[in-house]
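Coordinate inspection notes
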Amino acid sequence: MMEVCNCIEPQWPADELLMKYQYISDFFIAVAYFSIPLELIYFVKKSAVFPYRWVLVQFGAFIVLCGATHLINLWTFTTHSRTVALVMTTAKVLTAVVSCATALMLVHIIPDLLSVKTRELFLKNKAAELDREMGLIRTQEETGRHVRMLTHEIRSTLDRHTILKTTLVELGRTLALEECALWMPTRTGLELQLSYTLRQQHPVEYTVPIQLPVINQVFVTSRAVKISPNSPVARLRPVSGKYLLGEVVAVRVPLLHLSNFQINDWPELSTKRYALMVLMLPSDSARQWHVHELELVEVVADQVAVALSHAAILEESMRARDLLMEQNVALDIARREAETAIRARNDFLAVMNHEMRTPMHAIIALSSLLQETELTPEQRLMVETVLNLIKPIAVVKKLPITLNLAPDLPEFVVGDEKRLMQIILNIVGNAVKFSKQGSISVTALVTKSDNRAPPDFFVVPTGSHFYLRVKVKDLGAGINPQDIPKLFTKFAQTQSLATRSSGGSGLGLAISKRFVNLMEGNIWIESEGVGKGCTAIFDVKLGISNESKQSGIPKVPANPQHVNFAGLKVLVMDENGVSRMVTKGLLVHLGCEVATVSSSEECLRVVSHEHRVVFMDVCTPGVENYQIALRIHEKFTKRHQRPLLVALTGNTDKSTKERCMSFGLDGVLLKPVSLDNMRNVLSDLLEHRVLYEAM
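Our subject in this report is the structure included herewith. (Residues numbered from 1 in each chain as written. Predicted model: local features only at pLDDT ≥ 70, side-chain atom pairs only at ≥ 80, totals over all residues. Heavy atoms only, no water.)

Ordered by their spatial adjacency, 6 strands build an open sheet running 3-2-1-6-5-4, and the pairing between neighbours is antiparallel. Taken across any chain shown, the strands that pair with only one partner, and hence form the sheet edges, are strand 3 (207-209) and strand 4 (225-227). Averaged over all neighbouring strand pairs, the angle between strand axes comes to 35°, with direction disregarded. Bridge count for strand 2 (residues 191-197) against strand 3 is 3 bridges, and the pairing is antiparallel. Counterpart to L192 in the pairing with strand 3 is V208. (Pairing = 2+ DSSP bridges. Helix = DSSP H or I, 4+ residues; strand = E, 2+ residues; numbered from the N terminus. Axes fitted to C-alpha atoms, helices over the stretch in contact; angles between N-to-C directions.)

Attention now goes to helix 16 (residues 675-688). Taking 1.5 Å as the rise per residue, helix 16 with 14 residues should run 20 Å; its terminal C-alpha atoms sit 20 Å apart, in good agreement. After helix 16 finishes, the residue R689 shows a positive phi value of roughly 60°. (Expected span 1.5 Å × (residues − 1).)

At a minimum axis separation of 10 Å, helix 12 (residues 577-589) and helix 16 run at an interaxial angle of 65°. One element, helix 12, and the other, helix 16, form an angle in the roughly perpendicular class. Viewed along their axes, helix 12 and helix 16 form a crossing whose handedness is right-handed. On helix 16, the residues touching T583, L586, L587 and H589 of helix 12 are L675, M678 and L682. Its residues assigned to classes, the contact of helix 12 with helix 16 comprises 5 nonpolar, 2 polar and no charged. (Parallel < 35°, antiparallel > 145°, perpendicular 65-115°, else oblique. Left-handed = near helix turned anticlockwise from the far one by under 90°. Contact = heavy atoms within 4.5 Å. Nonpolar A, V, L, I, M, F, W, Y, C, P; charged D, E, K, R; others polar.)

Its identity is not glycine, yet A176 carries a phi of approximately 55°, on the positive side. Looking at where A176 falls in the secondary structure, it is placed in the loop between helix 5 (160-175) and strand 1 (179-185).

Attention now moves to the packing of helix 10 (residues 417-433) against helix 11 (residues 508-518). Close contact between helix 10 and helix 11 brings their axes to 9 Å; oriented N to C, the two are set at 145°. For the pair helix 10 and helix 11, the crossing hand works out as left-handed. Residues R419, Q422, I423, N426 and N430 of helix 10 pack against G508, L509, I511, S512, F515, V516 and L518 of helix 11. Class assignment for the residues of the contact of helix 10 with helix 11 results in 6 nonpolar, 5 polar and 1 charged.

Moving on, we get to the packing of aromatic side chains. Following the criterion strictly, the structure yields 2 aromatic pairs and no others. The interplanar angle of 75° and the centroid separation of 5.4 Å between the aromatic rings of W183 and Y206 together place this pair among those described as edge-to-face. Placement of the pair is W183 in strand 1 and Y206 in the loop between strand 2 and strand 3, with a sequence separation of 23 residues. Here the aromatic rings of F219 and Y274 are separated by 5.3 Å at their centres, their planes lie at 40°, and the arrangement is tilted. (Phe/Tyr/Trp six-rings, centres within 6.5 Å; stacked < 30°, edge-to-face > 60°.)

Residues I440, V442, A444 and V446 line the buried face of strand 9 (residues 440-446), whereas the alternating positions S441, T443 and L445 sit on a face that is not buried. The pairing of strand 9 with strand 10 (residues 465-474) spans 7 bridges and is classified as antiparallel. Note that in strand 10 the partner of V442 across the bridge is V472. (Buried < 20%, exposed > 50% of the residue type's maximum accessible area, 1.4 Å probe, protein only.)

Structurally, K532 is set in the loop between strand 11 (522-527) and strand 12 (534-544). Sequence separation between K532 and L475 is 57 residues; the distance between their C-alpha atoms is 6.2 Å. In contact with K532, other than residues within four places in its own chain, are G476, A477 and G478.

With that settled, the discussion passes to a nonpolar patch on the surface. A surface patch of nonpolar side chains, amounting to about 480 Å² of accessible area, comprises Y23, I24, F27, F28 and V31. Position of Y23 among the secondary structure elements: in helix 2 (residues 16-46). (Patch = residues over 30% accessible without salt bridge, like charges linked within 9 Å, V, L, I, M, F, W, Y side chains within 5 Å. Areas by Shrake-Rupley, 256 points an atom, 1.4 Å probe, with all protein chains shown as cover. Salt bridge = Lys/Arg side-chain N within 4 Å of Asp/Glu carboxyl O.)

Put into structure tokens, the structure is as follows:
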């Protein structure tokens, strides 16, 4: 071995320094070569999908052999044995074999590696496409979210103006628009009018023809269309030369077919009509419209169309409801007016029956009594004269009546005699009605210009007419001054007059005031207070006549009939004192023994089995006076002991008769009652024990 080593001569003699550098370099090369296989082993262990593990093993062997060669080479820099040379040769031979094998394998692996690279590029492209699709999905989700939000805001109200304004505001906020406008068709349908804008609170309502090419371009499709920023419907932004105008899109908004509805400011035609929505991007950016934004605009336009159709239906429904409510209100008012009229008619009939039949009962009764006596001419004149019809009642109440006629009164005048006498009768009748004591005076005179009168009434006599003043003064109940205006209201009852014994003023003063007004006059009442009497004064316009007329006094023949009911005990219940005394007078004249009461309680207390007949006034509309009939029935359990119950009433309606029968009354007698009528009633009643006159 030593000989072999001695025969090898170094080709490149080197000094000691170079040898040291080579020695150190080979050492580090060996260390690096041995570390690379460790890293490859770690990579193979951690990689679960790498397809060329055997190539890595081959590379690892090649690198290990290279490292071993460099490591063994460290012993060749000094005198070394044959063993070192043999190991060195073996390592180099193995390194050569592995290097060649690796080179040959690379020839087969490189095409596969290239195909892997292609697949990697394909996967990268697919990944990029997937990323784009995911971005599109996210965009669509965001668009859907905006659509749902916009739809919620739009449909949160059914007011047409709120829907359109909300649409512009939400679109402007979602898409960051510079301006957004809505053009609505005019009533004629030939123009579009700027109705709503995003930025302008009060848009200028100018119009453009609906036949413009840009408008037709938008109306023929349901998609959002890009239009020129300088088109007539897009010139809404202030002119600025610094920036280019942003992109503009327009979309149609279908409107409801209006064949069944008539909406204010909308066309009344049934053909298809559209509104135009214009959306503008900001001018100070290079932003462009994206597909998802255009889809958002199209969806919102459809949603607005649906919301507007609902709003139109609601508006029509509200209009129909309001019309129906107005009709219902009108019908209700008409119904209430009809009911009021019916009640007024019934009240009028009831009051007229009571107000007219009650005094007529007294007049006719007293007249019939007077006719059965020997009458002086003055007494017959009293019976016949209109004014003197009041005197029998006044005589019963012991109220003296005086008549004072001024000497300057003309003997004959021209006027409405019936109305004048009705006025006098009503006023004098009230004076008698509300006076329990004292006296009544009636004064007639010619009204002078200086006579006292209300401030709104002026007396202007001429040569052809004059004003007659009549004053009726009584010392009766009087009236509070504040209650005087109420007296001329129909059916009015003041606190001082509304007593159970006398009742209200009824229609008398209201009718008198109407008659006085028709005769171009005036009527008023003066009183110093309750208990101090009152004075009724009226002026009427009359014409002056030059004709003379003769008047005579008619004769009233006496017609006495002597039928006597001597000893017949009768009880009379009547709240009206005059009517009660008149009825008593008729019965007393027929020979009856009469007791009178003024209330239901007093009647129940006084009535006994000795009374054969009980006359009860039931003119009041309530059932109080009818209840007394039931209580009398309860008081007399045996029928032959119970007196006959007869209702006195001025009401001619059938309900009164039915009510009397239902409460057990034996008869009904209508006022007014004359002496002959009372005589016949008593005869029939005692004979048949029942009496119901035709009503």
